[in-house]
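Next come the chains, spelled out residue by residue.
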Amino acid sequence: MSYFNNFPFVNYKFGNEAGATIFQNMGVYVDLIDQAKDNSSFYNYYNIQNGDRPDQVSQKLYNRTDLHWTFPIMNDNIKLQGWPLSYNDLVAKIKDNYPNKTLVTRTDISNTFKVGSIITGSSTQTKAKILRKRLDFGQIIVGRVSVDNQIALTTDVKGYVKLQLSSPFQRFVELTDWIITKAGVTVGAPTIVSGGENHTYVEYDFGLANANTEYVFNTKVMNYADTLDFVEGEQITTTEDNVIQSAIIDSAVLEYYAVHHYEDADGNYIDITPNAPFVQRTSYTFKLNYSGVDFGDPTAVYNATLASLVTNIEISSTSNYNSVIDLSNVQRNIDQGYYQLNGQILRLGAAIQSEVADTSASTTASDIFTIWATELPIAISDPTFTNHVFPELAAAWTLSDKDSEGAATVQFHSFFIIDNQLNVVSDTGQFGQTFEYVAGGETLYKNTYGNNGTFTTTTPPPASKSDAWNDIANQLESYIQQNLSGLTPANIIPITYFDRHEKSNTALKSIRVLKPSAIEDIVKSFNDILIESQATNTDEQSSVNTVQSGTGSSSASTTSTSINITSSNSSSGGYY
């Protein structure tokens, strides 16, 4: 390589050699070109074309192939990452680096689906081995499962034996787990002569004393022709500690097409909630009184509802709509750094709880809907939502047992779809409500499900709170599974492993190159410095001899100079 032509020589001792060898001092470094790359008068930009080799670019720019060594010195990213790959080579490298399958689930797998477990798809009956998990994205990376294969062979006259697979798609794997027996007795693994792990063959040397002896090999074989055909919506199961664990697959993609991270429009990384989209519940206890209200007058019903008292609020967690968050400690937990007010529902709940907890004044539905208008403006501004809820509350009051003042307690359980930024997905018009009240001493439930402005009532009515909530949650979950790809917030961009590598490779293609008008002078000055260094080194030969053992590391001084190059040709030129 021309870059090393004028490097000075030193007496260098390699490994355990007794004497030193005259060898070029690779530790010498001249920062002349480093200075040139920071001076725009010395360089242009060149955009590397698909498949361009460094020597070809050197030929294009300078009519000679040997100046390619200037490119990594002029470009730190090339120096660190190497020359950009052609598209075909890039694809081959990505596929080789990420050869597995990625399953994405919203099920909490933090304590289940352990690495090494074997999973089975309920509908496809596909089996796979868990290789890794990415809990922050709900990803399970799986690979093929090896199968047991027993082979009986007799060694040759030298004690050698060769196991050979018939299919080019099969490989021997997990050799350390093999069991080899002779006459029914397990023997230790012999020396591998050739082949082995991830090969189609394994050749063993049992030694001359074991010539013409039969051995039985209990091997493990991987068939790379097998495909991991998991499908969306499929349930996967595994048994861990004698307990069957299950999860639902939202998507199954080739590993290199799986999401590596999410970004905003400015390219900043964004965290997500891996179990989203999910169903979250908010429950309000209303003390309603429509005495004297004309139910034929929507405005009167509306005003009477806003005047009703709210005595309690519940909000479920992000993982279980049956759970309840302790809203009384929200602000304290925030102050102590336990969690932040991320997401509309939590902010909504914290604000409403603050209102309800204030015993100095009564909290009305009007107060609640004022907070709603701040956190959920789309839902509140949707007339199909408010025009449905208010009459339903009035209808529940009509049927409810009332106190001496004509007031009745009605619980309103509202269910929303929450995205992975913990905000309500309200633009789809998917809402669920359970109206709970007591009539004739018996607790009754009414479910209504909103779908793009049309509300339907569940019939027959749910018999219990559990049935009511499950009915609404199942309808919303069904919508989620059918529309999963459209529920990702528009402000976040999924970046796959393929995208990431392609972007990194593309970033290498725009490089700084020395101008043709300056290249000869700079290279000549570069080599003159090296030659001068060689002369100095010759005078001080005895002081630079390096003795070492093993890896061959060398110490040498760095030579530096300041740029002071002029050229009769000042044409700026340009390569883009």
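In short, a report on the structure. (Residues numbered from 1 in each chain as written. Predicted model: local features only at pLDDT ≥ 70, side-chain atom pairs only at ≥ 80, totals over all residues. Heavy atoms only, no water.)

### What to know about the side chain of Thr219
Here comes step 1: Inspection of the secondary structure puts Thr219 in strand 15 (residues 214–223).
Here comes step 2: Look at Thr219 and you get buried, because its relative accessible area is 1%.
Here comes step 3: Discounting residues that sit within four places of it in the chain, Thr219 has contacts with Val147, Asp148, Asn149, Ile151, Leu163, Phe172 and Trp178. (Helix = DSSP H or I, 4+ residues; strand = E, 2+ residues; numbered from the N terminus. Buried < 20%, exposed > 50% of the residue type's maximum accessible area, 1.4 Å probe, protein only. Contact = heavy atoms within 4.5 Å.)

### Here we look at empty space enclosed by the protein
The probe, sized like a water molecule, is rolled over the atoms to show the empty space still left.
Here comes step 1: This model, assessed by the stated rule, comprises one cavity of 30 Å³ or more.
Here comes step 2: Forming the boundary of the largest cavity are Tyr284, Phe286, Ile368, Phe369, Trp372 and Phe412.
Here comes step 3: Mapped onto the lining of the largest cavity, the elements with two or more residues apiece are strand 20 (278–288) and helix 9 (365–375).
Here comes step 4: In terms of residue count, the dominant contributor to the lining of the largest cavity is helix 9 (three residues).
Here comes step 5: Here the lining of the largest cavity is built from residues that sort into six nonpolar, no polar and no charged. (1 Å grid on protein atoms, 1.4 Å probe; cavity = no way out; pocket = protein on both sides within 12 Å on 5 of 7 lines; lining within 4 Å. Points joined across faces, edges and corners; volume = space filled by probe spheres on them. Nonpolar A, V, L, I, M, F, W, Y, C, P; charged D, E, K, R; others polar.)

### Details of the nonpolar core
Here comes step 1: If you look at the biggest cluster of nonpolar residues, it comprises 43 residues, and the most contacted ones within it are Tyr284, Tyr290, Ile352, Trp372, Leu393 and Phe416.
Here comes step 2: Every element with two or more residues in this core is listed here: strand 20, helix 6 (298–306), strand 21 (309–315), helix 8 (344–357), helix 9, helix 11 (383–399), strand 22 (408–418) and strand 23 (430–439).
Here comes step 3: Of the residues forming this core, the biggest block, seven residues, is contributed by helix 11.
Here comes step 4: With sequence-adjacent residues up to four places away left out, Leu393 is seen in contact with Phe286, Leu288, Tyr290, Thr305, Val410, Phe412 and Phe435.
Here comes step 5: Core analysis: the second largest hydrophobic core is formed by 22 residues, Tyr46, Phe71, Met74 and Leu508 among them. (Core = buried A, V, L, I, M, F, W, Y, C linked by side-chain atoms within 4.5 Å.)

### Some remarks on the sheet that holds strand 21
Here comes step 1: Across the sheet, which stays open at both edges, the six strands sit in the order 21-20-22-23-24-25 with antiparallel pairing between neighbours. The strands lining the two open edges of the sheet, one partner per strand, are strand 21 and strand 25 (454–457). Looking at each pair of strands side by side, their axes are set apart by 20° on average, direction ignored.
Here comes step 2: Sheet topology note: the strand 22/strand 23 ladder contains six bridges and is antiparallel. If you follow Phe412 over to strand 23, its bridge partner there is Phe435.
Here comes step 3: With respect to the sheet, helix 8 is in contact with strand 20, strand 21 and strand 22, its orientation differing from that of strand 21 by roughly 145°. (Pairing = 2+ DSSP bridges. Axes fitted to C-alpha atoms, helices over the stretch in contact; angles between N-to-C directions.)

### A short note on the pattern of salt bridges
Here comes step 1: Applying the stated criterion across every chain yields a total of 12 salt bridges.
Here comes step 2: In this structure, Lys60 and Asp52 form a salt bridge, with 3.1 Å as the shortest nitrogen-oxygen distance.
Here comes step 3: Residue classification places Lys60 among the partly exposed positions, given a relative accessible area of 47%.
Here comes step 4: A salt bridge links Glu436 to Lys465, with the shortest nitrogen-to-oxygen separation between them at 3.6 Å. Here Glu436 is found in strand 23, whereas its partner Lys465 is found in helix 12 (residues 465–482), with 29 residues between them in sequence. (Salt bridge = Lys/Arg side-chain N within 4 Å of Asp/Glu carboxyl O.)

### Observations concerning unusual backbone geometry
Here comes step 1: A cis geometry characterises the amide bond from Ala276 onward to Pro277, with omega recorded as -5°.
Here comes step 2: Tracing the chain through its elements places Pro277 in the loop between strand 19 (269–270) and strand 20.
Here comes step 3: With omega at -5°, the peptide bond leading from Thr459 into Pro460 counts as cis.
Here comes step 4: By the element assignment, Pro460 lies in the loop between strand 25 and helix 12.
Here comes step 5: In this structure, Gln125 takes a positive phi of about 60° despite not being glycine.
Here comes step 6: Along the chain, the position of Gln125 falls in the loop between strand 5 (118–121) and strand 6 (127–134).
Here comes step 7: On the basis of relative accessible area, Gln125 is assigned to the exposed category, the value being 52%.
Here comes step 8: The backbone phi angle of Ala183 is positive, close to 55°, even though this residue is not glycine.
Here comes step 9: Its place among the elements puts Ala183 in the loop between strand 11 (179–182) and strand 12 (185–187).

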